[in-house]
Amino acid sequence: MTLLQWFIFFLVLQIVHYLGTWKLYEKAGRKSWEAGVPIYNAIVLMKIINRPTWWTALLFVPIVNLIMFIVVWVETLRSFSKNTTKDTLLSVITLGLYIYYINYFENVAYIRDRSLVAATKTGDTISSALYAIVVATLVHTYVIQPFNIPSSSLEKTLLIGDFLFVSKYNYGARTPETAIALPMVHDSILFVGTKSYLSWPQLPSFRFPGLQEIKRNDIVVFNWPLDTVYKFHDPLQRHIDKPLDKRTNYVKRCVGVPGDNLSIKNGDVYIDNKKLIFPERAKLQYSYTVVTDGSALDPKYITEDLQITDRILATGRSNEYLFTAVTEKSAERLRKNPFIKSIVKNNSTKTDPRMFPHNQTWNQDNFGPIYIPKEGKTVLLNKEMLPFYRRLITEYEHNTLEEKGGQIFVNGKPAINYTFQQDYYWMMGDNHHNSEDSRFWGFVPYDHVVGKPVFIWWSIDPNLTWSSPIKKIRWNRLFSTVGGNGQPVSYFKYFLLLLAIWFGVDYFRQKRIKND
């Protein structure tokens, strides 16, 4: 919907509200015209139902307002003695239109100083649940969101089974585009698998100011840009309509920021021809071909001593194995083992047609150079550059683009260059040979950025069963930070200590109150 359409829709809502409540406003000692003045009518209504004025703001917060409408309907009815379970259900089932019936056909009396406590236990439970959902939705949307690591692309840095808290305010929280959706649910309903939202109507979205900019080596959660196509490595992609904020959440490391010239040489990332230095916590992994002297590989040595937990595959040759996720540190230790004849880091040399933008002689280990667009910067637009930036111009920046008679037209006008309207980033996994990242599907627009992982609050090993919970829970990862210098440290014991102190203080406080 356009801004004009939303404005018209807003005015229609005001008319609907006025027609259904003007008599109730009069019975509450207000003027009937107050029910028809946009925004002011909501402020007056909060006074009528004896609720704080700031509740008005919640009526304009996407998703939260869906719950607040129900709360306000119920509170309005209770302010006029309609507080039975039947009244509550009718207000919800009729989407508030039950208030029309009360307004025109029942002689109700306004309760000026009514109790804000629900008359029934069921009503109190429902009210408490609704308020809790409102608060949780606000926190989830604008402050911090839980997130689960689903794949091994950041293996050893972040593990499958890690549960994170993702900060929305570090890079600036986005307002939702989706107007109607279940609160605190992403794109599908758990266990059912059906959509959790309606694709229409869509809201204009904006981002609040953040505390920091995205830097190289930051781990970032973002909406997968190509979640709207069937096959991300197919140049002739068939489009699926999916709102931006409901696209799949991915987590990768940002290795290239706006304005960078990025290339990959023999598996190493270079920025402006300088090798990118990764932080100590980054556990970069590659695949290696290992040849032994005929000795059997000891699984305990591999997993415990070398910390190699990914697959080890036989190559079909005698005593030759493929280690699919090995850090350079583990590779060095493996080289020193007497039964290892050779260990060679695998380096792609053949052209891989899956690589973005699908028309170069590139592969996972040798890629680029490629310019990462920066807001306000202009690039030359020709047939050679068009494959790199076509999707940015059309899908992400909403322009039309055509090629006629050997000439390029943007929004119907001839164009020999293009100026970008937002920043873009290059995201990659630390597990370089087992990560579907920007090398496959290109740039990540700034408006797709969700937030910054800051905290691991829970971690379990998916390869172990709950028959041994002590082993399944990764205790050393609980309450550890994602970023920072040095190796991650678990603060779980400090959390338990603070929890014990809090319960102790509360116990003696309650005991003192009881004695008094």
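Note that this is a predicted model, so its numbers are computed, not measured. Counting from 1, residues in each chain are numbered in the order their sequence is written. Selection of residues for local features in this predicted model requires a pLDDT of at least 70, selection of side-chain atom pairs for listing and counting requires 80 or more, and totals for whole chains, interfaces and linings are taken over all residues. The side-chain numbers reported here are obtained from all heavy atoms of the structure, hydrogens and water having been left aside.

Caption draft 1: Looking closely at unusual backbone geometry. In the segment running from W200 into P201, the intervening peptide bond is cis, with an omega of 0°. Locating P201 in the fold gives a position in the loop between β2 (162-167) and β3 (219-223). In this model, G368 is joined to P369 through a cis peptide bond whose omega is 10°. Looking at where P369 falls in the secondary structure, it is placed in strand β12 (residues 367-371). Despite not being glycine, H398 has its phi angle at roughly 60°, a positive value. By the criteria applied, helices consist of DSSP H or I runs no shorter than four residues and strands consist of E runs no shorter than two, each listed in order from the N terminus. With respect to the helices and strands, the residue H398 is situated in the loop between α10 (386-396) and β14 (401-404).

Caption draft 2: View of helix α1 (residues 3-27). How far a helix is expected to stretch is found by multiplying one less than its residue total by 1.5 Å. With 25 residues, α1 extends 36 Å from end C-alpha to end C-alpha; this agrees with the ideal 36 Å at 1.5 Å per step. Helix geometry: α1 is bent most strongly at T21, by close to 55°. Throughout, exposure labels follow a simple rule: accessible area from a 1.4 Å probe, protein chains only, divided by the maximum for the residue type, with under 20% read as buried, over 50% as exposed, and the rest as partly exposed. Along α1, the positions that sit buried rather than exposed are W6, Q14, G20, T21, L24 and Y25. Considering only its buried residues, α1 is in contact with α2 (40-48), α4 (64-78) and α6 (98-105). Downstream of α1 by a residue or two, G29 has a phi angle that is positive, lying close to 85°. Here the bend at a residue is taken as the angle between two axes, fitted respectively to the seven residues that end there and the seven that start there. We call two residues in contact when some of their heavy atoms are within 4.5 Å.

Caption draft 3: Molecular detail of the nonpolar core. Among the nonpolar cores identified, the biggest contains 59 residues, and L262, V269, Y389, W426 and F443 are the most heavily contacted of them. Broken down by element, the residue count for this core peaks at six residues, all from α10. With sequence-adjacent residues up to four places away left out, L262 is seen in contact with V255, G256, V269, Y270, I271, G368, P369, I370, I372 and W426. Think of a nonpolar core as a cluster: buried Ala, Val, Leu, Ile, Met, Phe, Trp, Tyr and Cys residues, connected wherever their side-chain atoms sit within 4.5 Å. With 31 residues, the next largest nonpolar core counts A28, W73, I99 and V134 among its residues.

Caption draft 4: Region of interest: the packing of α1 against α6. Lines fitted to C-alpha atoms define the axes, with helix axes restricted to the stretch in contact, and inter-axis angles between N-to-C directions lie between 0 and 180 degrees. Where α1 meets α6, the axes come as close as 7 Å, and the angle between the chain directions of the two elements is 40°. Taken together, the axis directions place α1 and α6 in an arrangement best described as oblique. For the pair α1 and α6, the crossing hand works out as left-handed. Taking contact as the criterion, the partners of V16, L19, G20, T21, W22, K23 and L24 in α1 are, on α6, I99, Y100, I102, N103 and Y104. Here the term charged refers only to Asp, Glu, Lys and Arg, the term nonpolar to Ala, Val, Leu, Ile, Met, Phe, Trp, Tyr, Cys and Pro, and the term polar to all other amino acids, Gly among them. Residues belonging to the contact of α1 with α6 are distributed by class as follows: eight nonpolar, three polar and one charged. An angle below 35 degrees is treated as roughly parallel, one above 145 as roughly antiparallel, one from 65 to 115 as roughly perpendicular, and anything else as oblique. For any pair of crossing helices, the crossing counts as left-handed if the nearer helix is rotated counterclockwise from the farther one by less than a right angle, and right-handed if it is rotated clockwise.

Caption draft 5: Region of interest: helix α9 (residues 328-335). Those residues of α9 not exposed but buried are S330, A331 and L334. For α9, the angular spread of buried residues about the axis comes to 105°, placing them on one side. Throughout, the arc means the angular range of directions from the helix axis out to the C-beta atoms.

Caption draft 6: Looking closely at the packing of aromatic side chains. In summary, the pairing rule links any two rings of Phe, Tyr or Trp, Trp by its six-membered ring, whose centres are within 6.5 Å, and it sorts them by plane angle into stacked for under 30 degrees, edge-to-face for over 60 and tilted for everything else. Counted under the stated rule, the structure contains 39 aromatic pairs. Their ring planes at 45° and their centres at 6.3 Å tell us that Y100 and Y104 sit as a pair that is tilted. Of this pair, Y100 and Y104 both sit in helix α6, four residues apart, roughly one helical turn. Judged by relative accessible area, which is 24%, Y100 ranks as partly exposed. When the centroid spacing of 4.4 Å and the interplanar angle of 20° are considered together, the rings of F479 and F495 count as stacked. Here F479, found in the loop between α12 (469-472) and β21 (480-481), pairs with F495, found in helix α13 (residues 492-515); they are 16 residues apart in sequence, far enough to count as distant.

Caption draft 7: The pairing of strand β15 (residues 407-410), seen in detail. Think of it this way: DSSP has to see at least two bridges between two strands before they count as a pair. Bridge analysis of β14 against β15 gives four bridges, and the strand direction is antiparallel. Within β15, the position partnered with L401 by the bridge is V410. Between β14 and the antiparallel strand that follows it, β15, lie two residues; G405 among them carries a positive phi value of about 55°. By the bridge criterion, two bridges tie β15 to strand β16 (residues 413-414) in an arrangement that is antiparallel. Opposite V410, over in β16, you have K413 as the bridge partner. Between β15 and β16, which pair antiparallel and follow one another directly, the connecting turn spans two residues, one of which, N411, has a positive phi of 55°.

Caption draft 8: Structural context of the pairing of strand β10 (residues 320-327). With respect to burial, β10 is a largely interior element, six of its eight residues being buried. In the sheet, strand β8 (residues 285-292) pairs with β10 via six bridges, with the strands oriented antiparallel. By the bridge assignment, Q285 is partnered in β10 with T327.

Shape is all these values report; function is a separate question.
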